[in-house]
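Below are the chains, spelled out letter by letter.
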Amino acid sequence: MIIMKQEQVQQIIDHAAAAQPLEACGLLGGVCDETGKTVCKIYLLTNIDQSTEHFSMDPKEQFAAIKDMRSQGWELLGNFHSHPASPSRPSAEDKRLAFDSQASYLILSLQDQERPILKSFCIASDQVTEENIIIRGGETNG
Ligand SMILES: [Zn+2]
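Quick look at the structure, then. Source: prediction; values computed, not measured. (Residues numbered from 1 in each chain as written. Predicted model: local features only at pLDDT ≥ 70, side-chain atom pairs only at ≥ 80, totals over all residues. Heavy atoms only, no water.)

1. Topic: the coordination of the zinc ion
Six octahedral donors around a metal ideally make angles of 90 or 180 degrees; four tetrahedral donors ideally make 109.5 degrees. Rules: Listed donors are limited to N, O and S atoms within 2.8 Å of the metal, widened to 3.2 Å for Na, K and Ca; water is not among them, so incomplete-looking sites are possible. For a four-donor site, all angles between 85 and 135 degrees give tetrahedral; for four or six donors, opposite pairs above 155 degrees with the remaining angles between 65 and 115 give square planar or octahedral; all remaining cases count as irregular. Relative accessibility thresholds used throughout: buried, under 20% of the residue-type maximum; exposed, over 50%; partly exposed, between the two (1.4 Å probe, protein chains only).
The zinc ion binds to the protein through H81 (NE2), H83 (NE2), D94 (OD) and D94 (OD), with metal-donor distances spanning 2.0 to 2.6 Å. The coordination sphere of the zinc ion comprises 4 donor atoms, whose angles at the metal cover 54 to 159 degrees; the geometry is irregular. We note that the donor set of the zinc ion lies within a single chain, spaced as H-x1-H-x10-D. Overall, H81 belongs to the buried group, its relative accessible area being 4%.

Spelled out as structure tokens, the structure:
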């Protein structure tokens, strides 16, 4: 389970909308306990691939984000990227590149511009499990 604030979801949506038609990406920092993963900060990163179908995070920004998390006492909970024109589920490449089975892989689909869909997945080798997202201060989203 991953717990986010409505504003954090909106940050991801805004970042992804601004990057269109390219994929957008970023990292999630926060705390992990018995309750689940609570997101404290969304790090909006640059997709250096500048692609509509895949992404690579800017290594410098990635490093700075991890450094910031450590200074705050947070953990890297996972990452997010957008699918500008496809559904919110991991692509074959997303699965291939998912090397951390403990991480949350969030995918925001902008396929329906009016209704962006954010989902979170745990990916272990080829096995994909959807993870619940609890949104505080707004409506819940499966
Ligand atoms: Zn993807």
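From this point, things continue past the structure.
2. Things to note about the layout of surface pockets
Defined as follows: A pocket, in this scheme, is an open set of points on a 1 Å grid over the protein atoms alone with protein on both sides within 12 Å along at least 5 of 7 lines, while a cavity is a set where a 1.4 Å probe fits but cannot get out; residues line either one if an atom lies within 4 Å of a point. Grid points are joined across faces, edges and corners, and a volume is the space filled by probe spheres set on the points. Runs of H or I in DSSP of at least four residues are treated as helices and runs of E of at least two as strands, each being numbered from the N terminus. Each residue gets one label: Ala, Val, Leu, Ile, Met, Phe, Trp, Tyr, Cys and Pro are nonpolar, Asp, Glu, Lys and Arg are charged, and the others, such as Gly, are polar.
The space that makes up the largest pocket amounts to roughly 410 Å³. Every residue lining the largest pocket is counted, 18 residues in all, and those nearest its centre are M57, Q62, N79, F99 and Y105. Elements represented by at least two residues in the lining of the largest pocket include exactly α2 (59-72), β4 (75-83) and α3 (92-97). For the lining of the largest pocket, the element with the most residues is β4, which contributes 5 residues. Considered class by class, the residues forming the lining of the largest pocket number 11 nonpolar, 5 polar and 2 charged.

3. Some details on the side chain of D58
Filter applied, for reference: The positive count covers Lys and Arg only, the negative count covers Asp and Glu only, and His and the chain ends enter neither. Definition used for salt bridges: Asp or Glu carboxyl oxygen within 4 Å of a side-chain nitrogen of Lys or Arg. Distance and chemistry together define a polar contact, namely a pair of N or O atoms within 3.5 Å, with one atom able to donate a hydrogen and the other to accept it when in protein, and with adjacent residues in sequence counting only for side-chain atoms on both sides. Residues are treated as being in contact if the distance between any of their heavy atoms lies within 4.5 Å.
When you line up the elements, D58 lands in the loop between β3 (36-45) and α2. No salt bridge is formed by the buried D58, whose closest oppositely charged neighbour, K60, lies at an N-O distance of 6.4 Å. Of the polar contacts made by the side chain of D58, one reaches the backbone nitrogen of K60; its length is 2.9 Å. Apart from residues lying up to four places away in sequence, D58 is in contact with L45, T46 and I48.

4. Regarding the pattern of salt bridges
Under the criterion given, the structure shown has 2 salt bridges. For D68, the salt bridge goes to K41, with nearest N and O atoms at 3.6 Å. Of this pair, D68 sits in helix α2 while K41 is found in strand β3, placing the two residues 27 residues apart along the sequence. Relative accessible area serves as the criterion here: at 22%, D68 is assigned to the partly exposed category. Between E93 and R96 there is a salt bridge; the shortest N-O distance is 3.7 Å. Pair noted here: E93 and R96 are both in helix α3, with a separation of 3 residues, about one helical turn. Among the residues examined, E93 registers a relative accessible area of 29% and is labelled partly exposed. Taking relative accessible area as the criterion, R96 reaches 61% and is therefore assigned exposed.

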